[in-house]
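Descriptive analysis of the structure
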Amino acid sequence: MATAGRLRVAPFVLVVALSGFELENLAAGIMATVRDLGNVAAGPFLGGTTFLALAVAGLSALASPLRAALPASTVAWTVVAPLPLVALGWDSHLSRVDGALLLGWFWVALAGLAYSGRGFPPSLPQRGRRLVAVRMLAGLAVLTGAGEVLGEGLRRTVERLGVSESLLGNTAVAAAVEAEEVGRVAVPARRGRGDVALANVVGTIVHFSAFNAGVIALVRPIELDWATRHLHLPMAALSVAVLAVASSAGAGLSRRDGALLLAAYAAYVAASIVLAV
């Protein structure tokens, strides 16, 4: 909010542009694919997208309704953002070429989404935090080490316990690395900035489904298993469409909407478990 005030842009625009650069999500995917756990690696950007659209938005709306009338163009960009990922992964393979295409699409989708929210109200200038660069570099170092440990732990879990890669990546890993998003969405909603709360969700969805997916595929191509191809991949796009429709129909998300989104996520997790058994 402080940075948006200094730049005299709507917080929605700035949050959409920056909120999704989550190194922990990217680190988890990269470390998994480096250890030849491709379907675990797909979890942070497929299951992570579904978790954001249904669980994070649902829990946040239950805590405090998200009041914001999204422009039709914002809804449209949100819905189409994950569609190239679905199209490119429909053959059960994400190649390095696919990764490069997704990175190109990311900049198009991000620009379109940010531009669509230029009409939201600006924030007042506030005093910014100091040593931002130092904190970011320190966080990057910590996440690099944590990603290494996570990748090794995932490999051992799959090998020793026989847990399905796609189930582990799209449910447990996705939820673990994105749980803090609930606070990032609920706090601005409580302060009366439903636009900023939804910007956190839709902006991160664009980053996950295009930028993170593209980078991870560039590091190492991914072969999608049956469950990922038939459930987790299409569900990432479907969940985003459900969120977009719910938030546009009622000028935001009510507590009832939140409960319905959580119920949909619970059904998704149940289906994931059934397919993995």
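Residues numbered from 1 in each chain as written. Predicted model: local features only at pLDDT ≥ 70, side-chain atom pairs only at ≥ 80, totals over all residues. Heavy atoms only, no water.

**Considering the overall build of the protein chain**
Looking only at helices and strands, one finds 14 helices and four strands in the protein chain. In the protein chain, which comprises 277 residues, the share counted as buried stands at 52%. For the protein chain, contacts bridging at least 24 residues in sequence account for 87% of all contacts bridging at least 6. Accessible area of the protein chain: about 12000 Å², with a carbon and sulfur share of 68%. (Helix = DSSP H or I, 4+ residues; strand = E, 2+ residues; numbered from the N terminus. Buried < 20%, exposed > 50% of the residue type's maximum accessible area, 1.4 Å probe, protein only. Contact = heavy atoms within 4.5 Å. Areas by Shrake-Rupley, 256 points an atom, 1.4 Å probe, with all protein chains shown as cover.)

**Details of the nonpolar core**
Ranked by size, the top nonpolar core spans 72 residues in total, and within it Val16, Phe45, Leu66, Leu85, Leu243 and Leu253 carry the most contacts. At 15 residues, the largest contribution of residues to this core is made by helix H12 (residues 194-219). (Core = buried A, V, L, I, M, F, W, Y, C linked by side-chain atoms within 4.5 Å.)

**Concerning the confidence of the model for the protein chain**
When pLDDT is averaged along the protein chain, the result is 82; 81% of the residues meet or exceed 70. Across residues 135-155, confidence stays below pLDDT 50; counting only partners more than four residues off in sequence or on other chains, it has 23 contacts. (pLDDT = per-residue confidence, 0-100.)

**Digging into helix H14 (residues 255-276)**
Between its first and last C-alpha atoms H14 spans 32 Å; for 22 residues at 1.5 Å apiece the expected length is 32 Å, and the two agree. Among all positions in H14, only Asp257, Gly258, Leu261, Tyr265, Tyr268 and Ser272 are buried. Looking down the long axis of H14, one finds its buried residues gathered within 100° of arc, a one-sided arrangement. Along H14, exposed side chains directed more than 90 degrees from the buried face belong to Arg256 and Val274. In this structure, the buried residues of H14 make contact with helix H5 (43-63), helix H10 (165-178), helix H13 (226-249) and strand E4 (252-253). (Expected span 1.5 Å × (residues − 1). Arc of directions from axis to C-beta.)

**Focus on the packing of aromatic side chains**
For the structure shown, the criterion picks out seven aromatic pairs. With 6.3 Å between their ring centres and 80° between their planes, Phe21 and Phe106 make a pair best called edge-to-face. One end of the pair, Phe21, is in the loop between helix H2 (11-18) and helix H3 (23-34); the other, Phe106, is in helix H8 (residues 96-116), and 85 residues separate them in sequence. A residue is classified by how much of its surface remains accessible, and Phe21, at 39% relative accessible area, is partly exposed. On the basis of an interplanar angle of 65° and a centroid distance of 4.8 Å, the ring pair of Phe106 and Trp107 is categorised as edge-to-face. By relative accessible area, which is 0% here, Phe106 ends up buried. Overall, the relative accessible area of 52% leaves Trp107 in the exposed class. Through a chain of ring-to-ring contacts, the aromatic side chains of Phe21, Phe106, Trp107 and Phe211 assemble into a single cluster. (Phe/Tyr/Trp six-rings, centres within 6.5 Å; stacked < 30°, edge-to-face > 60°.)

**Points about the packing of H3 against H12**
In contact at an axis separation of 9 Å, H3 and H12 are set at 30° when each is read in the N-to-C sense. It follows from the interaxial angle that H3 and H12 lie roughly parallel. By crossing handedness, the relation of H3 to H12 is classed as right-handed. Seen from H3, the contacting residues are Asn25, Leu26, Gly29, Ile30, Thr33 and Val34; seen from H12, they are Phe208, Phe211, Asn212, Val215, Ile216 and Val219. Taken together, the residues of the contact of H3 with H12 sort by class into eight nonpolar, four polar and no charged. (Axes fitted to C-alpha atoms, helices over the stretch in contact; angles between N-to-C directions. Parallel < 35°, antiparallel > 145°, perpendicular 65-115°, else oblique. Left-handed = near helix turned anticlockwise from the far one by under 90°. Nonpolar A, V, L, I, M, F, W, Y, C, P; charged D, E, K, R; others polar.)

**Brief notes about the pattern of salt bridges**
Oppositely charged side chains are able to pair whenever their charged atoms sit close together. In this structure the tally under the stated criterion is three salt bridges. Two residues, Asp36 and Arg220, come together in a salt bridge whose shortest N-O distance is 3.5 Å. One end of the pair, Asp36, is in the loop between H3 and helix H4 (38-41); the other, Arg220, is in the loop between H12 and strand E3 (222-223), and 184 residues separate them in sequence. Asp195 is the partner of Arg193 in a salt bridge, and the nearest nitrogen-oxygen pair spans 2.9 Å. With respect to class, Arg193 is no different from Asp195; both count as buried. (Salt bridge = Lys/Arg side-chain N within 4 Å of Asp/Glu carboxyl O.)

**Examining the packing of H3 against H10**
The N-to-C vectors of H3 and H10 enclose an angle of 150°; their axes lie 9 Å apart at closest approach. Considering the angle they form, H3 stands roughly antiparallel to H10. The handedness of the crossing between H3 and H10 comes out as right-handed. Between H3 and H10, the residues in contact are Glu24, Asn25 and Ala28 and Val173, Val177 and Glu178, respectively. Across the contact of H3 with H10, the residue classes tally to three nonpolar, one polar and two charged.

**With respect to the side chain of Thr204**
Within the secondary structure layout, Thr204 lies in helix H12. Under the relative-accessibility criterion, Thr204 is labelled buried at 0%.

**Description of the environment of Tyr268**
Of note, Tyr268 is situated in helix H14. Taking the relative accessible area as the measure of exposure, Tyr268 reaches 2% and is therefore buried. Considered as a pair, Tyr268 and Ser239 are 29 residues apart in the sequence and their alpha carbons are 9.7 Å apart. In this structure Tyr268 touches Gly47, Thr50, Asn170, Leu231, His232 and Met235, once residues within four positions along its chain are discounted.

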